[in-house]
Structure formats: C-alpha cells, structure tokens
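# Secondary and tertiary structure notes
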Amino acid sequence: KELSPQDGLPRITGKYLNKPLKAPLPVTFWTACLSFSRANVMKEVRYPNVGGLFFGEETLMGLKLFDRGCRFFAPSRTSVFHLWERGYRPNFRSLEDNSLKSERYKSSVRYVRSVFNCEKDNPIETVENVSQDIIDQFYEFMGVNIETKDIQERAYIGNLQDRSMLEENKLDMVLNILSQKP
C-alpha cells in the first residue's frame with residue numbers, strides 16, 4: 001500500500017480478486033495472519049523479537065524467511081478468514097502504558113530499520129546477520145526498497161501480472177460489512 005510516513009516501514013494490504021485463481025499465486029510479501037508452513041520453518045527462522053511493533057515485523061520475518069530460501073504464495077481458494085477490523089475490542093496496544101509503548105515501538109522500529117540498513121546515522125546492533133546482498137535481493141523480490149523509498153508498480157498490485165484481476169475497493173466493502181454490529 002505505502003511506506004508509512006511515521007516509520008518508513010511498508011503497510012501491506014490484502015487484495016480482492018475478481019476471478020478465482022487456478023493455482024496458488026506467488027506473492028512477494030509474507031504476513032503472519034493465517035500463514036501456513038511446515039513446523040520446522042518456525043524452528044529454523046525465529047519470529048523477530050520486536051515488541052510493540054505491528055507493521056514492520058512481517059517485513060523483517062519475510063526477509064529472514066527469504067534468506068533461508070522460503071517463497072510465499074497466496075492460496076487459490078479461501079479456506080479461512082479473520083476479521084481484520086479490531087475497533088470493537090481492546091488490543092495489546094490499548095492495554096499497555098503509553099510511555100512504555102512509545103519507547104518499545106521506537107526501539108523496535110529502529111531495530112527493523114537497522115536490519116535493512118536504513119539507520120545510517122545511528123545504527124544499532126542486530127542479531128539477524130543478513131548480508132547486504134540478501135537485503136538487495138529481497139528488495140528486488142518485494143518490489144519495495146525501504147532504504148530508497150522506491151515502490152514498484154507490481155508491489156502495489158500484489159505481484160499480479162494484470163491489474164484487471166483486481167476488484168478495486170471490494171475488500172474495503174467486505175470488511176465494512178463484516179465489522180458492522182448486529
């Protein structure tokens with residue numbers, strides 16, 4: 001969708017297709033919600049410890065998975081879904097002390113940006129050990145370069161070959177319907 005003006009990290013949104021896929025679709029972004037893999041992947045590639053961060057940790061996890069040779073696919077059929085809208089209930093951010101939340105968030109953003117070499121003036125030590133070559137390959141793979149703030153057209157359309165496969169604004173409509181209270 002965009003690189004956030006607040007933290008410079010990608011905001012990833014779902015896409016609604018106007019026709020079914022014939023086979024799983026290779027995609028360039030990994031997301032935690034409803035992600036499926038063999039269990040050994042999670043043993044080999046630990047989820048990043050970036051407390052308080054909701055956007056950014058998936059991009060970092062995507063980099064780590066990419067570094068280990070994993071690739072990502074969207075299923076050809078919907079098997080499960082979840083309600084994205086959370087306004088009707090408290091979440092982990094609303095239950096935390098604001099000053100602690102702010103410091104942890106800033107620290108986590110700085111950590112992720114340091115892994116991607118975007119903290120040139122004030123980098124921090126990270127434990128990810130991902131080479132610049134792999135980061136550059138991942139930027140090319142995603143179509144998004146966090147460092148230069150460049151987003152390729154294919155990243156905006158979910159790596160689809162043809163924009164006409166997208167049903168623009170349909171996802172927002174569906175989410176609004178699902179989030180309405182009875």
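Basis of the calculations
Residues numbered from 1 in each chain as written. Predicted model: local features only at pLDDT ≥ 70, side-chain atom pairs only at ≥ 80, totals over all residues. Heavy atoms only, no water. Core = buried A, V, L, I, M, F, W, Y, C linked by side-chain atoms within 4.5 Å. Buried < 20%, exposed > 50% of the residue type's maximum accessible area, 1.4 Å probe, protein only. Helix = DSSP H or I, 4+ residues; strand = E, 2+ residues; numbered from the N terminus. Contact = heavy atoms within 4.5 Å. Polar contact = N/O pair within 3.5 Å; in protein donor to acceptor, adjacent residues only side chain to side chain. Salt bridge = Lys/Arg side-chain N within 4 Å of Asp/Glu carboxyl O. Axes fitted to C-alpha atoms, helices over the stretch in contact; angles between N-to-C directions. Parallel < 35°, antiparallel > 145°, perpendicular 65-115°, else oblique. Left-handed = near helix turned anticlockwise from the far one by under 90°.

This next bit is on the nonpolar core. Ranked by internal contacts, the top residues of the largest apolar core, which has 36 residues, are L60, L63 and F116. Elements that contribute at least two residues to this core include exactly strand 3 (25–27), helix 2 (57–67), helix 3 (98–115) and helix 4 (132–142). Considering each element in turn, this core owes the most residues, six residues, to helix 4. Excluding anything up to four places from it in sequence, F116 contacts T59, L60, L63, I135, F138, Y139, I146 and E147.

The subject of this paragraph is the environment of Q152. One can find Q152 in the loop between strand 6 (150–151) and helix 5 (153–156). Judged by its relative accessible area of 26%, Q152 is partly exposed. For Q152, the residues in contact, after removing those within four places along its chain, are E140 and G143. Reaching out from Q152, the side chain makes a polar contact with the side chain of R154 at a distance of 3.1 Å.

Looking now at helix 2. Of all eleven residues making up helix 2, ten are buried, and the element is well covered by its neighbours. Considered for burial, the residues of helix 2 that qualify are E57, E58, T59, L60, M61, G62, L63, K64, L65 and F66. Looking one or two residues beyond helix 2, the residue adopting positive phi is G69, at roughly 90 degrees.

This part is about the pattern of salt bridges. Summed over the entire model, instances satisfying the criterion amount to three salt bridges. Of the charged contacts in the structure, one is a salt bridge between D7 and R11, with a shortest N-O distance of 3.0 Å. Each member of the pair, D7 as well as R11, carries the same accessibility label: buried. Two residues, E44 and R68, come together in a salt bridge whose shortest N-O distance is 3.2 Å. Pair noted here: E44 is in helix 1 (residues 39–44) and R68 is in the loop between helix 2 and strand 4 (72–74), with a separation of 24 residues, a long-range link.

The next point concerns the packing of helix 2 against helix 4. Taken N-terminus to C-terminus, the directions of helix 2 and helix 4 make an angle of 110 degrees; their axes are 10 Å apart at the nearest point. Here helix 4 runs roughly perpendicular to helix 2, going by the angle between their axes. The two elements helix 2 and helix 4 cross, and the hand of that crossing is right-handed. Between helix 2 and helix 4, the residues in contact are T59, G62, L63, F66 and D67 and I134, I135, Q137, F138, F141 and M142, respectively.

Looking now at the side chain of R113. By the secondary structure assignment, R113 is in helix 3. Judged by its relative accessible area of 16%, R113 is buried. If we skip the residues at most four places from it in the chain, R113 touches D7, G8, L9, C118, E119 and I146.

Glancing now at the environment of F73. By the secondary structure assignment, F73 is in strand 4. Exposure remark for F73: the relative accessible area of 53% places this residue in the exposed category. Taking C-alpha positions, F73 is 5.9 Å from P24, a pair spaced 49 residues apart along the chain. Beyond its immediate stretch of four places on either side in the chain, F73 contacts P24, L25, P26 and V27.

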